[in-house]
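Chain residues, written in single-letter form:
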Amino acid sequence: MPQAYVYTSHGGPETEAFADVDRPVPGPGELLVAVRAAGVNPVDWKLRGGFRRPGEGEARFPVVLGSEAAGVVEGIGAGVTGFSVGDEVFGNAPHGAFAEYALLTASVTAHKPAALSFTDAATLPVAAATAYDGVRQLDLPEGATLLVTGAGGGVGVAALQIAHAWGLRVIAVASEAKKDLVESLGAVHVPSGPGLADRVRSVAPDGVDGVYDLVGGEVLAEAAGLLADRTRLITAGALPQTVAALGGARVARARTAAVLDAVAELVVAGELDPHVSRTFPLDRADEALRAVEEGHALGKIVIEVAP
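As a starting point, this report considers the structure included with it.

What counts, and where the lines are drawn
- Within any chain, residue numbers begin from 1 and follow the written order of that chain's sequence.
- With the structure being a predicted model, the display of local features is reserved for residues of pLDDT at least 70 and the display and counting of side-chain atom pairs for 80 or more, all residues being used for whole-chain, interface and lining totals.
- Hydrogens and waters are ignored; side-chain quantities use all the structure's heavy atoms.
- Side-chain atoms within 4.5 Å link the members of a nonpolar core, which is a set of buried Ala, Val, Leu, Ile, Met, Phe, Trp, Tyr and Cys residues.
- Exposure classes here rest on a 1.4 Å probe applied to the protein chains alone. A residue is buried below 20% of its type maximum, exposed above 50%, and partly exposed in between.
- A run of DSSP states H or I qualifies as a helix once it reaches four residues; a run of E qualifies as a strand once it reaches two. Both are numbered from the N-terminal end.
- Starting at the helix axis, one direction is taken to each C-beta atom, and the arc is that of these directions.
- Pairs of strands are assigned from DSSP output, requiring at least two bridges between the strands.
- Contacts: residue pairs with any heavy atoms within 4.5 Å of one another.
- Under this scheme, a helix contributes an axis fitted over its contacting stretch, all axes are lines through C-alpha atoms, and angles between N-to-C directions fall in the 0 to 180 degree range.

Moving on: the nonpolar core. In terms of nonpolar packing, the biggest core is built from 51 residues, with Phe-90, Leu-124, Leu-146, Val-148, Leu-160, Tyr-212 and Leu-272 touching the most fellow members. For this core, the secondary-structure elements that each account for two or more residues are β5 (68-76), α2 (118-121), α3 (124-138), β9 (145-149), α4 (154-165), β10 (169-174), α5 (179-184) and α9 (257-268). For this core, the element with the most residues is α3, which contributes 8 residues. Residues Ala-59, Ala-97, Phe-280 and Ala-297 belong to the second largest nonpolar core, which totals 34 residues.

This part is about helix α6 (residues 196-203). Three or more residues of α6 are buried, namely Leu-196, Ala-197 and Val-200. Across the axial projection of α6, the buried residues extend over an arc of 95 degrees, all falling on one side. Within α6, the exposed residues directed more than 90 degrees away from the buried face are Asp-198 and Ser-202.

In this structure, Pro-62 follows Phe-61 across a cis peptide bond, with omega equal to -5 degrees. Here Pro-62 shows up in the loop between α1 (42-48) and β4 (63-64). Positive phi, close to 50 degrees, is recorded for Arg-255, a residue that is not glycine. By secondary structure assignment, the location of Arg-255 is in the loop between β14 (249-250) and α9. A residue is classified by how much of its surface remains accessible, and Arg-255, at 47% relative accessible area, is partly exposed. Phi at His-275 takes a positive value of approximately 50 degrees, unusual for a residue other than glycine. The exposure class of His-275 is partly exposed, given its relative accessible area of 22%.

On to the sheet that holds β9. Taken in spatial order, the 6 strands line up as β11-β10-β9-β12-β13-β14 in an open sheet, and their pairing is parallel. Sheet topology places β11 (188-191) and β14 at the edges, where each strand pairs with a single neighbour. When strand β13 (residues 233-235) meets β14, the two strands line up parallel, connected through 2 bridges. In the sheet register, Thr-235 faces β14, and the bridge partner there is Arg-250. Relative to the sheet, α4 contacts β9, β10 and β12 (210-213), its axis offset from that of β10 by approximately 165 degrees. Contacts from α6 reach β9, β10 and β11 within the one sheet, and its direction differs from that of β11 by about 155 degrees.

Right, here's the structure in full:
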């Protein structure tokens, strides 16, 4: 039976386990994919801990971990057009991705360009697409200054590059350990920690034109104070009601194949590097998830699955 990495109840890492699972059967609007790579994201351990996305029902255990994957189409569900068995694709995996086989939602799946590796493609549906949606939502004019908090993670690294490619001046809030990384992406580094606003003003005396927050909490509140126009405040790190109280909004996710095509084109054009810092085989999925959960990963962590 195919292998997968699952969690058996809500809780911490102690709820995780490797398991033999049935090969999935694609339903309407779904693709069955032989996974070649799966991206690892903070949302994966948050879901294990009990977080539910809007509209999601209760979890049915065991739940396969992982939210994004790249691989080869092996089955096509009813009503799906535009895909054939053997196609190389990448997309969102609502039923889990840390597995030998996964079901992808066809409407949020794109064909993988030949020049794009499975490993890089697997990083795009969650982090890079979230970054793309947010920068586009802010709609800042060329030359404007964008502040990105939590800039050293997967979404932040993509947001810095997309904003830079679109002609924005970018200020990146990240730990000292991630200074070299964010500066290599064309951003001005500002160390994270108390007193953030003063450090930002030292490099942007007139404030900033937009804020893309990936942290929430006090960081979000402090960053909001740097804006004259709070409609240019968005977050992927706080609840809707929290950012609304500050005059901003959550990132509005497009969740379309068109966005995946766009970010893939940026990678192929050399304008977006997913910065995969480490890869792990499927039988070390636990180590991959710990690397992200402990918050020390630079860029993206990917699980690779042998054919």
